[in-house]
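What follows is each chain in one-letter form.
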Amino acid sequence: MRYSIRFRLLVFGIIMSIFPLTILGYFYVQNFKNNLEQNIRLNIEASSQRVATDLDFLIGGQIRQVTLLSNVVTLCFNGPSI
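The present account deals with the structure reproduced in this document.

Procedures and definitions
Residues numbered from 1 in each chain as written. Predicted model: local features only at pLDDT ≥ 70, side-chain atom pairs only at ≥ 80, totals over all residues. Heavy atoms only, no water. Helix = DSSP H or I, 4+ residues; strand = E, 2+ residues; numbered from the N terminus. Rg over C-alpha atoms; globule rule 2.2 N^0.38 Å. Buried < 20%, exposed > 50% of the residue type's maximum accessible area, 1.4 Å probe, protein only. Areas by Shrake-Rupley, 256 points an atom, 1.4 Å probe, with all protein chains shown as cover. Lys, Arg positive; Asp, Glu negative; His and termini not counted. Charge placed at Lys NZ, Arg CZ, Asp CG, Glu CD. Phe/Tyr/Trp six-rings, centres within 6.5 Å; stacked < 30°, edge-to-face > 60°. Patch = residues over 30% accessible without salt bridge, like charges linked within 9 Å, V, L, I, M, F, W, Y side chains within 5 Å. Salt bridge = Lys/Arg side-chain N within 4 Å of Asp/Glu carboxyl O.

1. Focus: the overall build of the protein chain
So, point 1. Within the protein chain, the secondary structure is distributed over one helix and zero strands.
So, point 2. Here the protein chain has a C-alpha radius of gyration of 35 Å; the compact-globule value for 82 residues is 12 Å, and the former is much larger.
So, point 3. Here the C-alpha coordinates of the protein chain stretch approximately 110 × 20 × 10 Å along the principal axes.
So, point 4. Expressed as a percentage of the 82 residues in the protein chain, the buried residues total 2%.
So, point 5. If you sum the accessible surface of the protein chain, you get close to 7900 Å²; carbon and sulfur atoms cover 69% of it.
So, point 6. For the protein chain, the centre of its 7 positive side-chain charges and the centre of its 4 negative side-chain charges are spaced 29 Å apart.

Encoded structure:
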């Protein structure tokens, strides 16, 4: 079956535009994936740093309270040291 020149040029143009668009789409998806992973990693690091700071503050407060209580108990049983 003979196709007209117009039809053949149309098919050729479509095929030649699909390949570059596919390649560009692949690289775009890979770049987007890498950027997304990096942003997620940075957000996780920032969140874990905040949690670590909060825990440090909480544990530090508890240690100060235990130290104060131990000093009070020591003073109650032993009297003030001179």
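After that view, the rundown keeps rolling.
2. Here's the deal with the environment of F27
So, point 1. Among the secondary structure elements, F27 is positioned in helix α1 (residues 5-78).
So, point 2. Residue F27 is classed as exposed on the basis of its relative accessible area of 52%.
So, point 3. Between the C-alpha atoms of F27 and S47, which are 20 residues apart in sequence, the distance is 30 Å.

3. Details of the packing of aromatic side chains
So, point 1. Applying the stated criterion across every chain yields a total of three aromatic pairs.
So, point 2. Between the aromatic rings of Y28 and F32, the centroid separation amounts to 6.4 Å while the plane-to-plane angle is 20°, which identifies the pairing as stacked. Within this pair, Y28 and its partner F32 are both found in helix α1, separated by four residues, close to a single helical turn.

4. Observations concerning a nonpolar patch on the surface
So, point 1. A cluster of nonpolar side chains, namely M1, Y3, F7, V11, F12, I15, M16 and F19, defines an oily patch on the protein surface of about 870 Å² accessible area.
So, point 2. Locating F12 in the fold gives a position in helix α1.

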